[in-house]
Amino acid sequence: MNHLTLDHTPTLAKQATWLTSPFLLFLSYLTISALPGFGQTPGSTAALTQSFDQYRQQALQEKLFVHTDQGFYLTGETMWFKIYYVDGSFHKPLDLSKVAYIELLDKEQKSVLQTKVALTANGGDGTLFLPSSLNSGTYLMRAYTNWMKNFPASYFFEKTITIVNPFKPLTPSPTADVADLDIQFFPEGGNLVDGLSSKVAFRAVNASGAGQAVRGWVLNSRNDTLTTFSAHKFGLGTFTLTPASNTNYRVLLRDETGRQFTRSLPAIQPQGYVMALDDGNPNQLTITVTSNLGTPSTVYLFAHTRQAINQVEAHSIDRQTTFLIDKKALGDGISHLTLFDAQQKPVCERLYFKRPAQPLTIALKTDQPQYASRSKVTLEASIQGATSQVTPSALSVAVYRVDSLSSPNTSNILSYLLMTSDLQGGIESPDYYLQPETPEIAQSTDNLMLTHGWRRFRWTDVLRPVSRPSFPFIPEYSGPTVSGTLTDPATGKPVPRKLTYLSTPGKPIRLYVSLSDTAGRLLYEVQDFYGPKNLIAQTNPQDSLFKLTISNPFSETPSTHQWADRLPTESQATSLTNRSVAMQVQSTYWGDRSIQYKYPAVDSAAFYAKPKESYLLDAYTRFPRMEEVLREYVLGVMPRKRQGHFVLNVLNEPYRAIFENQALVLIDGVPVFDMDKVIEFSPLKVKQLDVVTNFYLMSPAVFSGIISFMTYKGDLAGFPLDNRLVRLDYDGLQLQREFFAPRYDRPASAATKSASSRLPDGRTLLYWNPNWKPNPQGKAQVDFYTSDQTGTYQVDVNGLTREGTPVFQRFTFDVKNTPK
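Cut-offs used in this document
- Numbering of residues starts from 1 in every chain and runs along the sequence as written.
- The model is predicted, so local features are restricted to residues of pLDDT at least 70 and side-chain atom pairs to those at 80 or more, both for listing and for counting; the totals for chains, interfaces and linings are taken over all residues.
- To get the side-chain values, take all heavy atoms of the structure and skip hydrogens and water.
- A helix here means a DSSP run of H or I that spans at least four residues, while a strand means a run of E at least two residues long, and both kinds are numbered starting from the N terminus.
- Buried residues are those whose accessible area, probed at 1.4 Å on protein chains only, stays under 20% of the maximum for their type, while exposed residues exceed 50% and partly exposed ones sit between those limits.
- Pairs of residues are marked as contacts when any of their non-hydrogen atoms sit within 4.5 Å.
- Working definition of accessibility: Shrake-Rupley area with a 1.4 Å probe, residue cover restricted to the visible protein chains.
- Two N or O atoms count as a polar contact when they lie within 3.5 Å, although within protein this holds only if one can serve as hydrogen donor and the other as acceptor, and sequence-adjacent residues are included solely when both atoms are side-chain atoms.
- Only strands that DSSP links by at least two bridges are regarded as paired with each other.
- What a helix is expected to span follows from its residue count: subtract one and scale by 1.5 Å.
- Aromatic pairing here means that ring centres of Phe, Tyr or Trp (its six-membered ring) are within 6.5 Å. Orientation follows from the plane angle: under 30 degrees is stacked, over 60 is edge-to-face, and everything else is tilted.
- Patch criteria: residues need more than 30% relative accessible area and no salt bridge. Like-charged residues are merged within 9 Å; nonpolar side chains of Val, Leu, Ile, Met, Phe, Trp and Tyr are merged within 5 Å.
- For this document, the term salt bridge refers to a Lys or Arg side-chain nitrogen within 4 Å of an Asp or Glu carboxyl oxygen.
- For the purposes of this section, nonpolar cores are sets of buried Ala, Val, Leu, Ile, Met, Phe, Trp, Tyr and Cys residues that join through side-chain atoms within 4.5 Å.
- Only the contacting stretch of a helix is used when fitting its axis, a line to C-alpha atoms as for every element, and angles between N-to-C directions run 0 to 180 degrees.

Undergrad: Explain the overall build of the protein chain here, please?
TA: Per the secondary structure count, the protein chain includes eight helices and 49 strands. By principal-axis analysis of the C-alpha atoms, the protein chain measures approximately 105 × 80 × 50 Å. The buried share of the protein chain, reckoned over its 820 residues, is 54%. Of the contacts made within the protein chain by residues no fewer than 6 positions apart, 72% connect residues no fewer than 24 positions apart. When the accessible area of the protein chain is evaluated, it comes to approximately 36,300 Å², of which 49% is carbon and sulfur surface.

Undergrad: I tried to follow the side chain of Thr-338 on my own but got confused; where do I start?
TA: Along the chain, the position of Thr-338 falls in strand 23 (residues 333–340). A polar atom in the side chain of Thr-338 sits 2.5 Å from the side chain of Glu-349. Those residues in contact with Thr-338 that lie beyond four places of it in its chain are Tyr-300, Leu-301, Phe-302, Pro-346, Cys-348, Glu-349 and Trp-459.

Undergrad: I would appreciate a short explanation of the pairing of strand 22 (residues 320–326) in the present structure.
TA: A regular strand places its side chains on the two faces of the sheet in alternate fashion. Side chains of strand 22 alternate between two faces, with Thr-321, Phe-323 and Ile-325 buried and Gln-320, Thr-322, Leu-324 and Asp-326 left unburied. When strand 19 (residues 284–291) meets strand 22, the two strands line up antiparallel, connected through seven bridges. Across the sheet, the residue bridging to Thr-290 is Gln-320, located in strand 22.

Undergrad: Whenever I open this one, helix 4 (residues 439–451) confuses me. Can you help?
TA: Note on helix geometry: an α-helix contains 3.6 residues per turn, so any two residues three or four positions apart are oriented the same way. Helix length check: helix 4 (13 residues) gives 19 Å between terminal C-alpha atoms against 18 Å at 1.5 Å per residue, within 8%. The set of residues buried in helix 4 consists of Ile-441, Ser-444, Thr-445, Asp-446, Asn-447, Leu-448, Met-449, Leu-450 and Thr-451. Where the residues of helix 4 are buried, they touch strand 9 (182–187), strand 11 (198–205), strand 14 (236–241), strand 23 and strand 24 (346–354).

Undergrad: Even after reading the chapter, I still don't get the pairing of strand 13 (residues 225–230), so can you show me in this structure?
TA: In terms of strand pairing, strand 12 (residues 214–219) meets strand 13 through five bridges, oriented antiparallel. By the bridge assignment for strand 13, Arg-215 is matched with Ser-230. In this structure, the hairpin formed by strand 12 and strand 13 is closed by a connection of five residues, where Asn-223 is found at a positive phi of approximately 65°.

Undergrad: Just checking my understanding: could you explain the packing of aromatic side chains for this structure?
TA: Here the distance between the centres and the angle between the planes together describe a pair of aromatic rings. Taken as a whole and judged by the stated rule, the model has 44 aromatic pairs. Note on Phe-607 and Tyr-696: the rings are 5.9 Å apart at their centroids and 80° apart in plane angle, and the pair reads as edge-to-face. Separated by 89 residues along the polypeptide, Phe-607 in the loop between strand 35 (596–598) and strand 36 (613–616) and Tyr-696 in strand 42 (residues 686–698) bring together distant segments of the chain. Neither Phe-607 nor Tyr-696 differs from the other in exposure class; each is buried. Considering the side-chain rings of Phe-659 and Phe-695, the 4.7 Å spacing of their centres and the 65° angle between planes classify their relative orientation as edge-to-face. Remark: Phe-695 occurs in strand 42 and Phe-659 occurs in the loop between strand 39 (657–658) and strand 40 (664–667); sequence separation between them is 36 residues.

Undergrad: Looking at this structure, how should I read a nonpolar patch on the surface?
TA: Taken together, the side chains of Ile-595, Tyr-597 and Tyr-599 make up a nonpolar region of the molecular surface, amounting to roughly 350 Å² of accessible area. Judged by relative accessible area, Tyr-597 falls into the partly exposed class, the value being 40%.

Undergrad: Looking at this model, I keep getting lost on the pattern of salt bridges. Mind explaining?
TA: Two side chains carrying opposite charge are able to pair once their charged atoms lie near each other. Scanning the model with the defined rule gives 28 salt bridges in all. We note a salt bridge from Glu-680 to Arg-625, for which the minimum N-O separation is 3.3 Å. One end of the pair, Glu-680, is in helix 8 (residues 675–680); the other, Arg-625, is in the loop between strand 36 and helix 7 (626–632), with 55 residues separating them in the sequence. Judged by relative accessible area, Glu-680 falls into the exposed class, the value being 57%. Close ionic contact of Arg-724 with Asp-722 constitutes a salt bridge, the shortest N to O distance being 2.8 Å. Taking the relative accessible area as the measure of exposure, Asp-722 reaches 23% and is therefore partly exposed.

Undergrad: Help me out: how do you make sense of the nonpolar core in this one?
TA: As a rule of thumb, nonpolar side chains are buried together in soluble globular proteins. Of all hydrophobic cores here, the largest spans 57 residues; its most connected members are Ile-83 and Ile-102. Setting aside anything within four residues of it in sequence, one finds Ile-83 in contact with Leu-64, Phe-65, Val-66, Ala-100, Ile-102, Val-117, Leu-119, Asn-122, Gly-123 and Gly-124. Grouped together as the second largest cluster of nonpolar side chains are 33 residues, Val-637, Phe-646, Ile-667 and Ile-679 included.

Undergrad: I keep staring at the sheet that holds strand 44 (residues 726–731) and nothing clicks. Help me out?
TA: In a beta sheet, neighbouring strands pair by backbone hydrogen bonds and run either parallel or antiparallel. Taken in spatial order, the four strands of this open sheet run 31-30-33-44, and their pairing is antiparallel. Across the chains shown, the open sheet's two edge strands, defined by having one partner strand only, are strand 31 (511–515) and strand 44. Geometrically, the sheet is characterised by an average inter-axis angle of 25° between neighbouring strands, direction not taken into account. Bridge count for strand 33 (residues 532–539) against strand 44 is six bridges, and the pairing is antiparallel. Of the residues in strand 44, the one forming a bridge with Asn-534 is Asp-729.

Undergrad: Please explain the side chain of Ser-411 as it appears in this structure.
TA: When you line up the elements, Ser-411 lands in the loop between strand 28 (395–402) and helix 3 (413–418). Contact partners of Ser-411, with chain neighbours within four places excluded, come to Phe-65, Phe-157 and Lys-159.

Undergrad: Even after reading the chapter, I still don't get the environment of Ile-509, so can you show me in this structure?
TA: For Ile-509, the position within the fold is in the loop between strand 30 (499–503) and strand 31. Its relative accessible area of 3% is what places Ile-509 among the buried residues. What Ile-509 contacts, discounting residues up to four positions off in sequence, is Ala-605, Ala-606, Phe-607, Tyr-608, Asp-668, Gly-669 and Met-710.

Undergrad: I would appreciate a short explanation of unusual backbone geometry in the present structure.
TA: Glycine aside, the phi torsion of most residues is negative, and most peptide linkages are trans. Looking along the chain, the bond that leaves Lys-507 and enters Pro-508 is cis, with omega of -5°. For Pro-508, the location among the structural elements is in the loop between strand 30 and strand 31. Between Ser-699 and Pro-700 the backbone carries a cis peptide bond, its omega angle lying at 10°. If you check the backbone angles, Gln-344 has positive phi at about 60° while not being a glycine. You can see Gln-344 is positioned in the loop between strand 23 and strand 24. Judged by its relative accessible area of 16%, Gln-344 is buried. Residue Asp-528 is not a glycine yet carries a positive backbone phi of 50°.

Following this line, the structure appears as structure tokens:
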């Protein structure tokens, strides 16, 4: 198999109907900033460049990176995380989508935990409490926006998290069977072609995705050995072969245990092109293209870094031609080099990784290399080369204990944005490739590029662009949205042009309306949507035969990522017990005081703002029937009977007339259409009554006044709602939880000890701050205290500049019973 057939290229989702104007404005900005030399493209390559540019405008790529405080947890602990939100091309912070979706998937691809987090220009942050209902295992954490759901799940941020439930028997992870080795071959450029020499990369991994050291021999049909090879690192390596289309080849491999495997090479093409990259020159890349077509032709080389075009060039070719690419023209990270034939069909593709020439670094230090328990630690960060233009707007920092259980968190923003997010499949030890370059690291990096080829689009979609872009999921650029559908249950067909209502009983009063489109889809843009909600969705009773369904806001597309459980072994039982005891002690003695939430400022006024009339019923005579209340002192409401049923009309005050149509009547924000039920409802349960005495426009609806009844607790007080409406529990954005850690500012003496200083301190996470702000000179400082848990502690710091440069650094210090 080759790169082109194993491209794993995602198929664009079905495209729907509309984009928002702010979104289009952003795309226009992205296009202009990406192509400063667009007008200078040679005429022969203009069509290719224009098609690529048009596609990028239609399919903006977003990226999320999630910094978790650790990579190993026990149930009963809290996972803290910071979300970085950037555009996929330049990695600049975005302020488009306002909601991120976070979930944990188990081995069966079932979502066991889900949450929604508010996004701003500085990203977002949140927590996940890990309940005791979880089983021990390795889970996949993934994060995405609503817009990202238009594309395959390969676009989502993903990382593995190990969680152990100490209250359930631990089943050790089975050892990956070497007989299950996955061995694949990847000719450079994509294909083996008859008579043309090619570099062939290979990848050998076990069931858990770890690379395996193997040796190999390429044999022809007469069992002659044509070449030998061995894995270089992480089960990756290369060999060179000149294939013949009339020869059968097989590859014999042997691992370190002596087991043998036999595999076949990818199919050999009778005619075509091969490409070879030479990185020997420090200033430029040499791309050699060879063909066996036998007739002169034209080939095009198209180079881009994350869809930002670097170079497009056309050459004539008979047997061979060479392209030169200035390395300065390529962006940092992964670039795609694609070869097109004369008909501008892609025939070869190669990935190249450009290491940042002058990476921004963070110098971390503590005031001491070693501390006693319950000692003050002063941590300082200094961003090397920082200026007012490149200083990160905020850093995220975690300080946690590392031992045989909790190995260092291998995921960081630098390796993710520059490498992992643009490669297919799991990458073993991505930090390794971003170390200072050596010949060994350079070779390993090139092997990685040859074996993990992938791009975030298909060339067929680029070369046949859609004239009018449309997608089923729009960016939530104003805040959370609730979507649904309206269908006819008898036929299953969508019901268009029907008005629907969505409300969340309680305070403040909120109501949302949506008119179903031609496909029966509904969309409600909600506000002040925090914490658990009780949603009530309905149509007008005259449309009650239609089926209204609220959609699951989380992606139902399974992950393509494969992972294996990595659980503690019997030799780690003591460490696991000690950490479990520390967690339980911490929860028992500090649980209540450590849970502190930051409540957002929301507008307490009802959606209709200040009404013309407002009545606090306790200030008036308490009549036993609602009809008497409305007739005696509510000026703007006229209760009447028509055909034996009550109708409540509102005074159209600007014109001193009565509206002919029924007013919108609400009980704690829920529309009510049966006025007989309203009249029978006990006024003793109603605290306040508001009346809007004019037309009220709530696009696409216009109401002839509003009558809003509010109960004391905002819980409908037992009002009998229509049993045909949809009622369900629905989580809004999570409330931000503040990280809590005790401080030991005073000397520990019998006279001055506070109550908290006498409590055991079992923290293994000493400090977490998702928004550690450096000063204009790029320096930041923070103080925190060690706990009773001795050992080695690691500091992980991630950050991102306003110009899209990621930064990462880690640092360790020790905590012992007595100071050094």
